[in-house]
Amino acid sequence: SPVLAGRTALVTGAASGIGAAVALAFAEAGASLALVDRAQGPGLDAVRDRCAEHGVDVVAVRADVAVEDDVRRMFGDARAALGPVDTLVNNAGILTESPVATMPTALFDEMVAVNLRSVFLCCREAVGPMVDAGFGRVITIASQVGQRGGAGLAHYAAAKAGVIGFTKSLARELGGSGVTANCIAPGPVDTPLGGGSLSPAWTQSLMAGLPLGRQGRPDEVAPTAVLLASVPGGNLYTGQTLGPNSGDVML
Ligand code: NAD
């Protein structure tokens, strides 16, 4: 049977890019899905419909993961529609470019709220019931930028390094409860976020340094999430950061 049959996952930022690819891969692997995004366009419903073609239960929930009440509501909606959530994929994120010397305080705060604080809010909501059930998987999409840094990306790097440290601590707290927590730190991936919001100079210098010589596609990142979510494939990973990154960061 499919590796995630009988499982229920909540995926944030599922309307686009890596989140959409993870949602589709999870649907293909048999998981019921709560797909969350704050975007008001048709993207989220389109992803929901494509996932449903695999014969799994799927609900789409509009919510902003940076807003505490939204996070509570989206877990409530997911549980009401699908039952207990055993897998959380923290994927929603934003990327902007700004040198430290001229970075507005509001931009730094927004980056931390959306890319780091949201991970805390979602994990706090998710892990209690997982521990009670004796099983759960928390998967957070970090970034290679959190490992190597990036000029003009100090706020993003700080948030992404933050989720890696947060995940290691959560993994230690969860101990032998049956709930694991891991990060995926992709390299450059061809998505609206990856391509659209960075200067050509930054993108060019990044591509030039990639051992594999090219950026990744979202569907090349998603299998790492399936691995971490699956049993027994993901059983021995906790507190880890896996890097589908075209070789840019080697740990
Ligand atoms: P994307 O822009 O294609 O998709 C991100 C999705 O998240 C969008 O649908 C957006 O509406 C949603 N989102 C953003 N803020 C939200 C919020 N506050 N609440 C709910 N939804 C929100 O981007 P992507 O490239 O697929 O990025 C997904 C994740 O992967 C992000 O965490 C990003 O930092 C990370 N990442 C991307 C790359 C890359 O090169 N594309 C590399 C490393 C890490």
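Residues numbered from 1 in each chain as written. Predicted model: local features only at pLDDT ≥ 70, side-chain atom pairs only at ≥ 80, totals over all residues.

Within an unreviewed UniProt entry, the label attached to the protein reads 3-oxoacyl-[acyl-carrier protein] reductase, and the organism entered is Friedmanniella luteola. In the Sequence similarities (unreviewed entry) part of its UniProt record, the protein is described as follows: "Belongs to the short-chain dehydrogenases/reductases (SDR) family." (UniProt positions renumbered as here; feature names shortened; annotations may be inferred.)

**Some remarks on the overall build of the protein**
For the protein, the count of helices and strands is 9 helices and 7 strands. A principal-axis box enclosing the C-alpha atoms of the protein has dimensions of 45 × 40 × 35 Å. Scored against the burial criterion, the 251 residues of the protein give a buried share of 48%. If you take every contact in the protein between residues at least 6 apart in sequence, the share linking residues at least 24 apart comes to 74%. (Helix = DSSP H or I, 4+ residues; strand = E, 2+ residues; numbered from the N terminus. Buried ≥ 20, exposed ≤ 12 C-beta atoms within 10 Å, placed from the backbone. Contact = placed C-beta atoms within 7 Å.)

**As for the site of the ligand**
Taken together, 28 residues are adjacent to the ligand, and G13, G17, G93, L193 and G194 come closest. Looking at side-chain class alone, the shell around the ligand contains 15 nonpolar, 10 polar and 3 charged residues. (Near = placed C-beta within 6 Å. Nonpolar A, V, L, I, M, F, W, Y, C, P; charged D, E, K, R; others polar.)

**Comments concerning the nonpolar core**
Of all hydrophobic cores here, the largest spans 75 residues; its most connected members are V11, V22, A23, F26, L33, L35 and A225. Excluding residues within four positions of it along the chain, V11 makes contact with G19, V22, A23, F26, L33, L35, V36, V89 and N91. (Core = buried A, V, L, I, M, F, W, Y, C linked by C-beta atoms within 7 Å.)

**Quick notes on helix 2 (residues 43–52)**
Owing to its 3.6 residues per turn, the α-helix brings residues three or four apart onto one side. Among the residues of helix 2, those classed as buried are L44, V47, R48 and C51. The arc that holds every buried residue of helix 2, seen down its axis, measures 105°, which confines them to one face. Where helix 2 is buried, its residues contact helix 1 (17–28), strand 2 (32–37) and strand 3 (58–62). (Arc of directions from axis to C-beta.)

**Some points on the sheet that holds strand 6 (residues 179–184)**
The sheet built from 7 strands is open, its strands ordered 3-2-1-4-5-6-7 with parallel pairing. Since the sheet does not close on itself, it has two edges, and those belong to strand 3 and strand 7 (241–242), each with one partner. Direction of pairing for strand 4 (residues 87–90) relative to strand 5 (residues 136–141): parallel, over a ladder of 4 bridges. Across the sheet, the residue bridging to T87 is R137, located in strand 5. Seen against the sheet, helix 6 (residues 154–174) touches strand 5, strand 6 and strand 7 and runs at an angle of roughly 165° to strand 6. Here helix 9 (residues 218–229) sits on the sheet and contacts strand 1 (8–12), strand 4, strand 5, strand 6 and strand 7; the angle it forms with strand 5, its principal contact strand, is near 155°. (Pairing = 2+ DSSP bridges. Axes fitted to C-alpha atoms, helices over the stretch in contact; angles between N-to-C directions.)

**Here's the deal with the packing of helix 1 against helix 9**
In a pair of packed helices, the angle between the axes and the distance between the axes together describe the arrangement. Relative to each other, helix 1 and helix 9 sit at 55°, their axes nearing to 8 Å. Put simply, helix 1 runs oblique to helix 9. Between helix 1 and helix 9 lies a crossing of right-handed hand. Every residue of helix 9 that contacts helix 1 at G17, I18, A20, A21, V22, A25 and F26 is listed here: P218, D219, V221, A222, P223, A225 and V226. For the contact of helix 1 with helix 9, the residue count by class is 12 nonpolar, 1 polar and 1 charged. (Parallel < 35°, antiparallel > 145°, perpendicular 65-115°, else oblique. Left-handed = near helix turned anticlockwise from the far one by under 90°.)

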